[in-house]
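Observations on the three-dimensional arrangement
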Amino acid sequence: MANPTSFSNFTPLPFLYLLLLSFRPLPISSLNITDLLSSYPDLSDFTSLLATTAVAADLSARSSITLLAVPNAFLRTASAEPRASSTNLADVLRYHVLLEYLSLSDLRRLPPTGKLVTTLFQTTGRAAANSGSVNITFDSSSATVTFHSPASNATLLSLIKTLPYNISILSLNSLLIPYNLDLMASETRPPLGLNITKALIDGHNFNVAASMLAASGVVSEFEADEAGAGITLFVPTDEAFADLPSSVKFQSLPADKKAVVLRSHVLHSYYTLGSLQAIVNPVYPTLATEQNGAGSFTVNISRVNGSVAIDTGIVQASITQTVFDQNPVSIFGVSKVLLPREFFGRDPIEVNKPGDGGRAMASAQPPDIALSPRNSPGPPSRLSSPPGLELRSGAAGEAVGVLRIPLGWLCTVLCFLLL
């Protein structure tokens, strides 16, 4: 007869691992919210608004969310109100995306004081303080679930669809309006055109970039390009400029070359953060590409560790915040200056503006920055020697040869000789 205690010596690790995984939400690789809602004709107007305002693209890379949809009859009643016709619908719709999966049982277990849940609108940076959250309460006596915003309330009608534990779709009897939303803002175009320099100054921590854009004159080009497909700016923070290695002589670049670097921070199309997270073709041309030829001054955009990464081939930055996002202009703060490999790589391309007499920029030395693992062509371009003793030979201080002897090695040799 088998010893009943012998089971304790058996450790089915693969089985336990699979068991643990069964309790974790499995992320949806690409959420197509319009497809999910297409089988509900009563939500066709709401679905159309998600698609036309690009909020649907914002959701493509999201998981563990609750969408608060409003049926056609209630939505058309809301749109008849004077304030709704001029509301920035994109932010209103983002306010209807809760960044947490909530089932009916979750809602019925809410405490009497309710629960504050963050929305997608909060992530844009345009929600004042905590106004990008929705408070949800449950009245056990009437079995009513109510969603409260500072400016309006809505009642739960029904559960539409769930994909545990990634998305829950609920229907409400009214639109929720965020607090302090600019009701006169246009969804399709900024009312009088965007002053990019002012937007950066108002965003704080972008003073260096604002000054450089104004001094170079390229900001007027960017503002002129707001028409048509729009623009997307990746703006380094003040800390990003302060963290530039001393070997990177960015400020010493000629004015025309510095303008090229600034143009390489701009895409000639409007992209939301969600659309950048869901890109398929990662290589994007910039405004500098348009002026200097196809294939030059491009950036590689990808999703790394949950953030959007911008890679030039020699430096990889990440988006740290949304400074401004209103079609046709989006401005994102990035953690590093996007140094183009054409100027700061080992073999920089000679870029000449018309009329400069064919003068080429002197080859720049590669900066002391780490290559991104994805784009690294081989070993690092410059190896750092360990701290040690530096011996020079030559007359009048001219360095003819340099020999670096690490101190650790030197001490070992001296100890051996003394023995």
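Residues numbered from 1 in each chain as written. Predicted model: local features only at pLDDT ≥ 70, side-chain atom pairs only at ≥ 80, totals over all residues. Heavy atoms only, no water.

The next subject is the overall build of the protein. Within the protein, the regular secondary structure consists of 16 helices and 16 strands. Within the span of the protein, comprising 419 residues, buried residues form 42% of the whole. Long-range pairs, those at least 24 residues apart, make up 63% of the contacts in the protein with a sequence separation of at least 6. Looking at the protein as shown, the accessible area adds up to about 22000 Å², and 59% of this sits on carbon and sulfur atoms. (Helix = DSSP H or I, 4+ residues; strand = E, 2+ residues; numbered from the N terminus. Buried < 20%, exposed > 50% of the residue type's maximum accessible area, 1.4 Å probe, protein only. Contact = heavy atoms within 4.5 Å. Areas by Shrake-Rupley, 256 points an atom, 1.4 Å probe, with all protein chains shown as cover.)

Let us now look at the pairing of strand 7 (residues 167–172). Burial analysis of strand 7 places 6 of its 6 residues in the buried class, which makes it a mostly covered element. Every second residue of strand 7 is oriented toward a common face, with Ile167, Ile169 and Ser171 on one face and Ser168, Leu170 and Leu172 on the other, all of them buried. In the sheet, strand 1 (residues 65–69) pairs with strand 7 via 5 bridges, with the strands oriented parallel. Note that in strand 7 the partner of Ile65 across the bridge is Ile167. (Pairing = 2+ DSSP bridges.)

We now examine the side chain of His96. Following the sequence through the fold, His96 ends up in the loop between helix 6 (89–94) and strand 2 (97–98). For His96, a relative accessible area of 0% gives the class buried. Every residue in contact with His96, bar those within four places of it in the chain, is listed here: Phe46, Thr66, Leu67, Leu68, Val70, Ser174, Leu175 and Leu176.

This part takes up the pattern of salt bridges. By the definition in use, this model includes 8 salt bridges. Measuring nitrogen to oxygen at the nearest pair gives 2.4 Å for the salt bridge that ties Glu100 to Lys115. Of the two residues, Glu100 sits in the loop between strand 2 and helix 7 (104–108) while Lys115 sits in strand 3 (residues 115–118), which places them 15 residues apart along the sequence. Owing to a relative accessible area of 26%, Glu100 belongs among the partly exposed residues under this scheme. When the shortest N-O distance is used, the salt bridge between Asp202 and Lys198 registers 2.7 Å. Placement of both Asp202 and Lys198 in helix 8 (residues 196–203) is noted, with a separation of 4 residues, approximately one turn of the helix. Among the residues examined, Asp202 registers a relative accessible area of 44% and is labelled partly exposed. Of the residues examined, Lys198 reaches a relative accessible area of 48% and is grouped as partly exposed. Taken together, the salt bridges that share partners define one network made up of Asp58, Asp91, Arg94 and Asp325. (Salt bridge = Lys/Arg side-chain N within 4 Å of Asp/Glu carboxyl O.)

Attention shifts here to the nonpolar core. Within the largest apolar cluster, 38 residues are counted, with the highest numbers of intra-cluster contacts made by Ile196, Leu200, Phe222, Leu233, Phe250, Ile331 and Phe344. Filtering out sequence-adjacent residues up to four positions away, Phe250 remains in contact with Met212, Phe241, Leu244, Lys258, Val261 and Phe344. Counting 24 residues, the second-largest nonpolar core is a separate cluster that includes Ile65, Leu67, Ile167 and Ile177. (Core = buried A, V, L, I, M, F, W, Y, C linked by side-chain atoms within 4.5 Å.)

Before going further, it helps to spend a moment on helix 12 (residues 255–263). Of all 9 residues making up helix 12, 7 are buried, and the element is well covered by its neighbours. Among the residues making up helix 12, those that are buried are Lys257, Lys258, Ala259, Val260, Val261, Leu262 and Arg263.

Another point: the side chain of Thr47. Mapped onto the elements, Thr47 comes out in helix 3 (residues 44–52). Classification of Thr47 as buried rests on a relative accessible area of 11%. When neighbours within four sequence positions are excluded, Thr47 is seen to be in contact with Thr34 and Leu37.

Time to look at the environment of Ala151. Its place among the elements puts Ala151 in the loop between strand 5 (144–148) and strand 6 (153–163). Given a relative accessible area of 41%, Ala151 falls into the partly exposed group. C-alpha separation for the pair Ala151 and Tyr179, spaced 28 residues apart in sequence, amounts to 5.6 Å. Setting aside residues up to four positions removed in sequence, Ala151 forms contacts with Ile177 and Pro178.

With that out of the way, let us pick up the confidence of the model for the protein. Low pLDDT marks regions whose predicted coordinates should not be analysed in detail. Summary statistics for the protein give a mean pLDDT of 73 and a share of 67% for residues scoring 70 or more. Here residues 79–87 is a poorly scored stretch, pLDDT under 50, and it has 11 contacts once near neighbours within four places are set aside; other chains count. Here residues 347–405 is a poorly scored stretch, pLDDT under 50, and it has 85 contacts once near neighbours within four places are set aside; other chains count. (pLDDT = per-residue confidence, 0-100.)

Strand order in the open sheet formed by 7 strands is 2-1-7-6-5-4-3, with mixed pairing between adjacent strands. In this open sheet, the two strands that pair with only one neighbour each are strand 2 and strand 3. Here strand 4 (residues 133–139) pairs with strand 5 via 5 bridges, running antiparallel. Among the inter-strand pairings, Thr137 is bridged to a residue of strand 5, identified as Thr146.

Considering all chains together, one arrives at 6 aromatic pairs under this definition. Each ring, one from Phe297 and one from Phe343, has its centre 5.3 Å from the other, and the planes form 80°; the classification is edge-to-face. You can see Phe297 sitting in the loop between helix 14 (287–292) and strand 11 (299–304) and its partner Phe343 sitting in helix 15 (residues 341–344), a full 46 residues away along the chain. You'll find Phe297 and Phe343 in the same group, each marked buried. (Phe/Tyr/Trp six-rings, centres within 6.5 Å; stacked < 30°, edge-to-face > 60°.)

One open sheet holds the 7 strands; their spatial order is 9-8-14-13-12-11-10, and the pairing between them is mixed. Looking at which strands have only one partner, the edges of the open sheet turn out to be strand 9 (266–267) and strand 10 (283–284). With 3 bridges joining them, strand 12 (residues 307–311) and strand 13 (residues 316–326) adopt antiparallel strand pairing. Within strand 13, the residue paired with Ile310 across the bridge is Ala317.

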